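Okay, here's what each chain looks like letter by letter:
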Amino acid sequence: MSTYKQSIKLHPDPLAPYAISPGWQVGDLLFLSGQAAIDEKGEIVGAADFDSQLRQVFINIDRVLHAAGSSRNQIVKVTIYLTDMQNFPKIVQARKDYFKPPYPADTTVEVKALALPDLMVEIDAIAVV
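Description of the structure in this document. (Residues numbered from 1 in each chain as written. Predicted model: local features only at pLDDT ≥ 70, side-chain atom pairs only at ≥ 80, totals over all residues. Heavy atoms only, no water.)

## Some words on the overall build of the protein chain
Threshold: The helix count covers DSSP runs of H or I at least four residues long, the strand count covers runs of E at least two residues long, and both are numbered beginning at the N terminus. Each radius of gyration reported is based on C-alpha atoms, and the globular scaling rule is 2.2 Å times the count of residues to the power 0.38. The contact rule is simple, with two residues in contact once any of their heavy atoms fall within 4.5 Å. Computed by Shrake-Rupley with a 1.4 Å probe, the accessible areas treat only the displayed protein chains as cover when residues are assessed. Just so you know, the count uses Lys and Arg for positive and Asp and Glu for negative, and it drops His and the chain ends. Every charge is mapped to an atom, namely NZ of Lys, CZ of Arg, CG of Asp or CD of Glu.
Each helix and strand counted, the protein chain has 2 helices and 6 strands in total. Helices and strands in the protein chain line up, N terminus first, as β-β-β-α-β-α-β-β. Computed over the C-alpha atoms, the radius of gyration of the protein chain is 14 Å, within 12% of the 14 Å expected from 2.2 N^0.38 for a compact globule of 129 residues. Across the protein chain, the fraction of contacts at a sequence separation of at least 24, relative to all contacts at a separation of at least 6, is 67%. By element, 55% of the accessible surface of the protein chain is carried by carbon and sulfur atoms, the whole surface being about 7,300 Å². Averaging the positions of the 12 positive and the 15 negative side-chain charges in the protein chain gives two centres separated by 4 Å.

If you want it as structure tokens, here you go:
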């Protein structure tokens with residue numbers, strides 16, 4: 001018995017230079033790579049501006065989900081990486097702004113750094129299609 005498995009494709013794909021797939025569909029589940037404040041051209045959005053970065057993260061999440069035939073309301077789990085836990089209250093508000101109850105399961109952690117020095121937040125997600 002085999003399980004359906006396919007990578008999610010974006011055009012343009014800002015993660016391609018880093019040898020990262022935007023995500024994978026495995027059966028009815030979508031596994032999104034961590035999305036950071038990198039626009040379609042591969043440029044960092046909002047250096048030193050957490051709110052701008054968070055908006056771009058959700059734009060990217062929506063873009064990957066759309067490419068896979070899903071949407072944000074299908075997300076069941078997120079993992080949020082912050083370089084400064086002082087931004088945690090903004091994450092709580094973002095949950096209310098970007099999701100509807102019942103809210104996705106969530107793990108939020110503070111990390112020393114993300115892949116690029118100017119990045120402040122990264123979110124990966126698991127969704128259904």
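## Some points on empty space enclosed by the protein
Note the following rule: Points on a 1 Å grid over protein atoms alone make up a cavity when a 1.4 Å probe fits among them but cannot get out, and a pocket when they form an open set with protein on both sides within 12 Å along at least five of seven lines; lining residues each have an atom within 4 Å of a point. Grid points are joined across faces, edges and corners, and a volume is the space filled by probe spheres set on the points.
Applying the stated rule across the entire model yields 1 cavity of 30 Å³ or more. Within this model, the largest cavity holds a volume of roughly 40 Å³. Taken together, F58, V78, I80, I91, A94, R95, F99, D106 and I123 make up the full set of residues lining the largest cavity. For the lining of the largest cavity, the elements supplying multiple residues, two or more each, are strand 4 (75–82) and helix 2 (88–98). When residues of the lining of the largest cavity are assigned to their parent elements, the largest contribution, 3 residues, is made by helix 2.

## Considering the nonpolar core
As a reminder of what qualifies: To form a nonpolar core, buried Ala, Val, Leu, Ile, Met, Phe, Trp, Tyr and Cys residues must be joined to one another through side-chain atoms within 4.5 Å. When accessible area is computed with a 1.4 Å probe and restricted to protein chains, residues below 20% of their type maximum are described as buried, those above 50% as exposed, and intermediate ones as partly exposed.
Among the nonpolar cores identified, the biggest contains 24 residues, and L54, I61, I75, V121 and I123 are the most heavily contacted of them. Looking at this core, the elements with two or more residues in it are strand 3 (29–35), helix 1 (50–67), strand 4, helix 2 and strand 6 (121–128). Among the elements that make up this core, the one with the highest residue count is helix 1 (7 residues). Ranked by size, the runner-up nonpolar core spans 5 residues in total, among them A37, I38, L114 and L119.

## Quick word on the side chain of S70
Our working definition: Under this definition, polar contacts are N or O atom pairs within 3.5 Å; protein pairs additionally need one hydrogen-donor-capable and one acceptor-capable atom, and for neighbouring residues in sequence, both atoms have to be side-chain atoms.
Mapped onto the secondary structure, S70 falls in the loop between helix 1 and strand 4. There is a polar contact of 2.7 Å between the side chain of S70 and the backbone oxygen of V128. With residues up to four places along the chain from it excluded, the contact list for S70 reads L30, L65, A127, V128 and V129.

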